[in-house]
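Structural overview
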Amino acid sequence: MRFGAAVLRSYEEPFAVEEVVLSSGPAEGEILVRIAGCGMCRTDLAVRRSAGRSPLPAVLGHEGSGVVVETGGPDTGLAAGDHVVLSFDSCGHCRSCLGAAPAYCDRFAPLNLFGGRPEKAARFTDAAGGALAPRWFGQSSFAAYAVVPARNAVRVDPSLPLALLGPLGCGFLTGAGAVLNSFGAGPGDTVAVYGAGAVGLAAVMAATAAGAVAVAVDRHPERLALAEKLDAVPVHSDSADLPDRVRRLTDGGAQYALDTTGSAQLINDALRALRPTGHLGLVARLHTALPLEPGTLDRGRKISHICEGGAVPGLLIPRLTGLWQAGRFPFDQLIRTYPLADINEAERDCEAGLVVKPVLIPHQA
Ligand SMILES: [Zn+2]
Ligand SMILES: [Zn+2]
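The notes below deal with the structure included here. On a predicted model such as this, the values are computed, not experimentally measured, just so you know. (Residues numbered from 1 in each chain as written. Chains lettered and ligands numbered in written order. Predicted model: local features only at pLDDT ≥ 70, side-chain atom pairs only at ≥ 80, totals over all residues. Heavy atoms only, no water.)

Under the 1.5 Å per step criterion, the end-to-end length of helix α4 (residues 171-183) is 17 Å for 13 residues, consistent within 8% with the ideal 18 Å. Remark: the principal bend of α4, roughly 45°, maps to glycine 177. With eleven of 13 residues buried, α4 is to be regarded as a mostly interior element. Among all positions of α4, only Gly171, Phe172, Leu173, Thr174, Gly175, Ala176, Gly177, Ala178, Val179, Leu180 and Phe183 are buried. Just downstream of α4, glycine 184 is the residue with a positive phi angle, here 65°. (Helix = DSSP H or I, 4+ residues; strand = E, 2+ residues; numbered from the N terminus. Expected span 1.5 Å × (residues − 1). Bend = angle between axes of the 7 residues up to and from the residue. Buried < 20%, exposed > 50% of the residue type's maximum accessible area, 1.4 Å probe, protein only.)

And the structure:
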């Protein structure tokens, strides 16, 4: 079959929306999905800075949602017509996967970031027959269709707004999973979030939904206004003595903090604003050594990197849609949709901070 997709051919060029070819349908254990929408995540844009590690040309996009068109057999557990949210890929066999921690799969980087599953890679080409990189995050959803391992598809309630659900598979999953799984925050807890983008605001919504008090730190006034609307206490990151302010707002220090910025200064400030035994989670990829100032880890404080919210997508995504239905996780307020043809405009708006979460729509009604 032939369909439209956004192809990235070099790290410097814009995306090209063009026809691509899938020469065979889903193999055993796979499904073919008609994409309803696909969120744009920082990790898609970071490919431009991957220094050759993510193979090109490639169809990116890893926050897809859509309708199952065809399945590769009954073992997929899915049927044509099912509505699904697509998440990250994992091997299913390593110690982490066996321990219900697929976000820490031994093969996470090769499966999702650096080439995907090599089997049957040759079936996906551009219109001239030129090779495309195997699936990105097991999906490559900046496209009208995607072939996906059933393992990273989660069936959802068909009454939900399908085109908007894709970011529940990565960005929103990351922020919410950190708070609900990795921290296990609950009533009486305090959560300080550094960086109020899609991941940070998902963490704010999850903290509030869990009955915790959220503080959001950012440098953009419009992001702080959005965080306040989501019931967080807003704090400008340029505030004089930021750790003291956060400590005052959290009754002596936050129990949990999530940094989405990767800034060494903010990470040190976040540690100083934790209460004893507090836990700081990092989600951004660090590109340099991280200097920690003396004393920041004293008194039982700890720091860890959190991948994909430590989530089992098949468990967390239905929890988040349930919270949305109850009016307690209003993620749709962070989304702006664009036709897939306008993907370069979506990237510009995302880089300029004009949109929290762009979602690309490949099929126009
Ligand atoms: Zn694994
Ligand atoms: Zn992502």
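This is not the end of the story, as more comes after the structure.
Surrounding the zinc ion (ligand 1) are the protein donor atoms Cys91 (SG), Cys94 (SG), Cys97 (SG) and Cys105 (SG), which sit 2.4 Å from the metal. Counting residues between consecutive donors of the zinc ion (ligand 1) along the chain gives the motif C-x2-C-x2-C-x7-C. Residue classification places cysteine 94 among the buried positions, given a relative accessible area of 9%. Residue classification places cysteine 97 among the buried positions, given a relative accessible area of 11%. (Donors = N, O, S within 2.8 Å, 3.2 Å for Na, K, Ca; no water.)

A separate point is the pattern of salt bridges. Under the counting rule described, the total for this entry stands at 14 salt bridges. Residue arginine 48 pairs with glutamate 347 through a salt bridge whose shortest N-O separation is 2.8 Å. Taken together, the positions of arginine 48 in the loop between α1 (42-46) and β4 (58-59) and glutamate 347 in helix α10 (residues 343-351) put the pair 299 residues apart, joining distant regions of the chain. Residue arginine 48 shares its accessibility class with glutamate 347, and that shared class is buried. We note a salt bridge from arginine 247 to aspartate 244, for which the minimum N-O separation is 2.4 Å. Linking arginine 247 with aspartate 244, this pair stays in helix α7 (residues 242-249), spanning three residues, or about one helical turn. Arginine 247 gets classed as partly exposed once you look at its relative accessible area, which sits at 26%. Aspartate 244 gets classed as partly exposed once you look at its relative accessible area, which sits at 27%. A cluster of three or more residues bridged by salt bridges with shared partners is formed by Arg9, Glu18 and Asp126. (Salt bridge = Lys/Arg side-chain N within 4 Å of Asp/Glu carboxyl O.)

Moving on to the pairing of strand β6 (residues 83-86). Side chains His83 and Val85 of β6 all project onto a buried face; the interleaved residues Val84 and Leu86 project onto the opposite face, where all are buried too. In terms of strand pairing, β6 meets strand β9 (residues 153-155) through three bridges, oriented antiparallel. Note that in β9 the partner of valine 85 across the bridge is valine 154. (Pairing = 2+ DSSP bridges.)

Around the zinc ion (ligand 2), the donor atoms from the protein are Cys41 (SG), His62 (NE2) and Cys170 (SG), and they sit 2.0 to 2.2 Å away. One chain supplies every donor for the zinc ion (ligand 2), spaced along it as C-x20-H-x107-C. Here the residue cysteine 41 occupies a position in the loop between β3 (30-39) and α1, and histidine 62 occupies one in the loop between β4 and β5 (64-71), the gap between them amounting to 21 residues. Both residues of the pair, cysteine 41 and histidine 62, belong to the buried class.

This brings us to the pairing of strand β17 (residues 357-361). Of all five residues in β17, five are buried; the element is thus mostly enclosed. In β17, alternate side chains face the same way, and those of Lys357, Val359 and Ile361 on one face and Pro358 and Leu360 on the other are all buried. Note that β3 and β17 share two bridges and pair antiparallel. From the neighbouring strand, cysteine 38 faces β17, where its bridge partner is leucine 360. As defined by bridge partners, strand β16 (residues 335-339) adjoins β17 across five bridges and the pair is classed as parallel. Within the sheet, the bridge partner assigned to isoleucine 335 lies in β17 and is lysine 357. Crossover connection from β16 via α10 to parallel β17: handedness right-handed. (Right-handed = clockwise from strand over helix to strand, strands pointing away.)

Before going further, it helps to spend a moment on the nonpolar core. A general feature of soluble globular proteins is that nonpolar side chains tend to end up buried together. Among the nonpolar cores identified, the biggest contains 107 residues, and Phe142, Phe172, Val179 and Phe329 are the most heavily contacted of them. For this core, the element with the most residues is helix α5 (residues 198-209), which contributes ten residues. The next biggest cluster of nonpolar side chains, apart from the first, holds 17 residues, and it includes Val217, Val235, Ala257 and Leu274. (Core = buried A, V, L, I, M, F, W, Y, C linked by side-chain atoms within 4.5 Å.)

At a closest axis distance of 7 Å, the pairing of α4 and α5 adopts a crossing angle of 40°. Comparing the axis directions of α4 and α5 gives the class oblique. Considering only the axes of α4 and α5, their crossing is right-handed. For the pair formed by α4 and α5, the contact residues are Gly171, Phe172, Thr174, Gly175, Ala176, Val179 and Leu180 on the first element and Ala198, Val199, Ala202, Ala203, Ala206 and Ala207 on the second. (Axes fitted to C-alpha atoms, helices over the stretch in contact; angles between N-to-C directions. Parallel < 35°, antiparallel > 145°, perpendicular 65-115°, else oblique. Left-handed = near helix turned anticlockwise from the far one by under 90°. Contact = heavy atoms within 4.5 Å.)

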